[in-house]
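Next come the chains, spelled out residue by residue.
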Amino acid sequence: MKLSSEDIQKMMEAVKMTREHELDCGHCYDEIDQFVEMELSGKNAAEVMPLVQQHLDLCGACREEYQALLDTLKAFID
Ligand SMILES: [Zn+2]
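Within every chain, residues take consecutive numbers counted from 1 along the sequence as written. Where totals are concerned, whole chains, interfaces and linings use all residues; where local detail is concerned, this predicted model gives features only for residues with pLDDT of at least 70, and gives and counts side-chain atom pairs only at 80 or more. Hydrogens are left out, water is left out, and the side-chain values use all remaining heavy atoms of the structure.

Undergrad: What exactly am I supposed to notice about the packing of helix α2 (residues 25–40) against helix α5 (residues 60–77) here?
TA: To describe two helices that pack against each other, one gives the angle between their axes and the distance between the axes. It is the contact of α2 with α5, at a shortest axis distance of 10 Å, that shows an interaxial angle of 30°. Overall, the two elements α2 and α5 adopt an arrangement that is roughly parallel. For the pair α2 and α5, the sense of crossing is right-handed. Of the residues in α5, those touching α2 at C25, C28, Y29, I32, D33, F35, V36, E39 and L40 are C62, E65, Y66, L69, L70, L73, K74 and I77. Think of each axis as a best-fit line through the C-alpha atoms, taken over the contacting stretch in the case of a helix, with angles from 0 to 180 degrees between the N-to-C directions. Under the DSSP-based scheme used, a helix requires at least four consecutive residues in state H or I and a strand at least two consecutive residues in state E, with every element numbered from the N terminus. Throughout this description, any angle smaller than 35 degrees is read as roughly parallel, any larger than 145 degrees as roughly antiparallel, any in the 65 to 115 degree range as roughly perpendicular, and the remainder as oblique. Crossings are sorted by hand: turned counterclockwise from the far helix by less than a right angle, the near helix makes the crossing left-handed, and turned clockwise it makes it right-handed. Throughout, a residue-residue contact means that at least one pair of heavy atoms, one from each residue, lies within 4.5 Å.

Next up, the structure:
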């Protein structure tokens, strides 16, 4: 399938539209430590910060970052 520049334009618009309702990686990264802290203190982080949860579900890079931070902090607590 060959894309015309018009198709690409349309896709770019669609991507921009979704992005408005989502966090980007930089923003998510800023929130991850807070998210992890909340989770470790037994609060429902996903409920308080649903956009972060949503981003973690979608984005492997941030999920890895989240997991690493979680493991680090858990080790620190134990
Ligand atoms: Zn991300």
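Undergrad: Just checking my understanding: could you explain the nonpolar core for this structure?
TA: Generally speaking, nonpolar side chains in soluble globular proteins are found buried as a group. In this structure, C28, I32, F35, V52, L56, C62 and Y66 are the most contacted members of the largest nonpolar core, which totals 14 residues. Of all elements in the fold, only α2, α4 (50–58) and α5 reach the threshold of two or more residues within this core. Element by element, the count of residues in this core is highest for α2, at five residues. Look past the residues within four positions of Y66 in its chain and what remains in contact with it is I32, F35, V36, E39 and L56. Here, the term nonpolar core denotes a set of buried Ala, Val, Leu, Ile, Met, Phe, Trp, Tyr and Cys residues that are joined through side-chain atoms within 4.5 Å. Relative accessibility thresholds used throughout: buried, under 20% of the residue-type maximum; exposed, over 50%; partly exposed, between the two (1.4 Å probe, protein chains only).

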